[in-house]
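Topology and contacts: notes
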Amino acid sequence: MGEIVAAVGTCHTPYMFTRPPDENAAQLDAAGAAMQELGKVLDETRPDVIVFFGSDHVETFSVTCIPTFAIIAGSRAIAKFAGRDYNLPVHREMAEDLLNKLVVQHNFDIAYSEDAELGHAFAVPFEYVIGKRDIPIIPFFTNVYVPPLPTPKRCAALGQAIAEIIKGRKERVAVIASGGMSHFPGTSKYLTPEFDFDRWLVAQFEAGNTDALLNMTGTQLDEVGNTEMLNWATMFGAIGPQEGELVDYIPTWHHGLAMMRFLPHRARKMASTKGFEQYGGFKFNIQGFQFYKHPPA
């Protein structure tokens, strides 16, 4: 019987490659080190295939056609960004099986491509998490930017369906979810990230409270710059409410970089609650929902 043996969530900031002068190089180096730490899970578990949940930044699709969900079901996964090229093997037989069963048995209208070119949401983790490891992948796209977006619960339902299909197969599967936090590209909020909310959400993930994300609406996610967390929602649907280990959270001047490990479990090396005292208690209100860093007495 197939099983999911590893699961991690990571950022994919393009500045890991481009290194603009207004970025803090030490922060980028720390993010790279944390992503490489996530990659060690692949050595521990030796999966047969990586199911990779990523998104697009108008690199693969355009407003003329944006699928809600899509899968690469060809033979190679081609990613290009900032002068770097990646050419990874796709587990084509499994990708085709997932596509067919998601559409026919699980009622998901999944778009697919043989050769769509992937952008930095894939390329950066290819470099820092997967590295030189020769493991076939299956890339999934989710629309996280162009409304209407799928809800977190719909993404989780997709993950649950994928996990059910995996159980009927024989492969050992690793899951990588690629998405940044507190991220407002191209908007007036770009310079005012919601770091407190990020830390609250990370603390919920550490406790295994994935409903903190899954019960949010697309509008609420957008207000806190966390629509890329829809990829994490798909992962949570696949693995269930697992307690997470925070490898690192880095607040840059314009967004949050989070790297977390969920499967397999190990003793935590750090916790997001460390250092929270400097922020004091806070209450975050969006659309009538109240989120507390420290629950009220």
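This is a predicted model, so every value here is computed, not measured. (Residues numbered from 1 in each chain as written. Predicted model: local features only at pLDDT ≥ 70, side-chain atom pairs only at ≥ 80, totals over all residues. Heavy atoms only, no water.)

1. Some remarks on the pairing of strand β8 (residues 172–178)
Quick reminder of the rule: Throughout this description, buried means an accessible area under 20% of the type-specific maximum (1.4 Å probe, protein chains only), exposed means over 50%, and partly exposed covers the range between. Put simply, DSSP H or I for four residues or longer makes a helix, DSSP E for two residues or longer makes a strand, and each gets a number counted from the N terminus. Strand pairing is assigned whenever DSSP detects at least two bridges linking the two strands.
In terms of residue burial, β8 counts as a mostly covered element, since 6 of its 7 residues are buried. Relative to β8, strand β1 (residues 3–10) runs parallel, the two sharing 7 bridges. Within the sheet, the bridge partner assigned to G9 lies in β8 and is A177. Pairing of strand β2 (residues 49–54) with β8, which is carried by 5 bridges, proceeds in the parallel orientation.

2. Remarks on the pattern of salt bridges
Opposite charge on two side chains permits them to pair, given that their charged atoms come into close proximity. Threshold: Salt bridge, as applied in this entry: a Lys or Arg side-chain nitrogen positioned within 4 Å of an Asp or Glu carboxyl oxygen.
Considering all chains together, one arrives at 13 salt bridges under this definition. Measuring nitrogen to oxygen at the nearest pair gives 3.0 Å for the salt bridge that ties E37 to K40. Placement of the pair is E37 and K40 together in helix α2 (residues 25–45), with a separation of 3 residues, close to one helical turn. On the basis of relative accessible area, E37 is assigned to the buried category, the value being 14%. Residue class for K40 comes out partly exposed when judged on its relative accessible area of 43%. D97 serves as the salt-bridge partner of R169, at 2.8 Å between the closest nitrogen and oxygen.

3. What to know about the nonpolar core
What counts here: Among the buried residues, those of types Ala, Val, Leu, Ile, Met, Phe, Trp, Tyr and Cys that are joined through side-chain atoms within 4.5 Å form a nonpolar core. Any two residues having at least one pair of non-hydrogen atoms within 4.5 Å are treated as being in contact.
F126, W232, M235 and M259 are the most contacted members of the largest nonpolar core, which has 98 residues in total. When neighbours within four sequence positions are excluded, M259 is seen to be in contact with G9, T10, C11, A31, A34, M35, L38, E245, L246, V247, D248 and I250.

4. Observations concerning helix α5 (residues 152–167)
What sets the pattern is the α-helix's 3.6 residues per turn: residues three or four places apart point alike. Our working definition: In a helix, the anticipated span is given by 1.5 Å times the number of residues less one.
Between its first and last C-alpha atoms α5 spans 23 Å; for 16 residues at 1.5 Å apiece the expected length is 22 Å, and the two agree. Taken together, the buried positions of α5 are P152, C155, A156, L158, G159, A161, I162, A163, I165 and I166.

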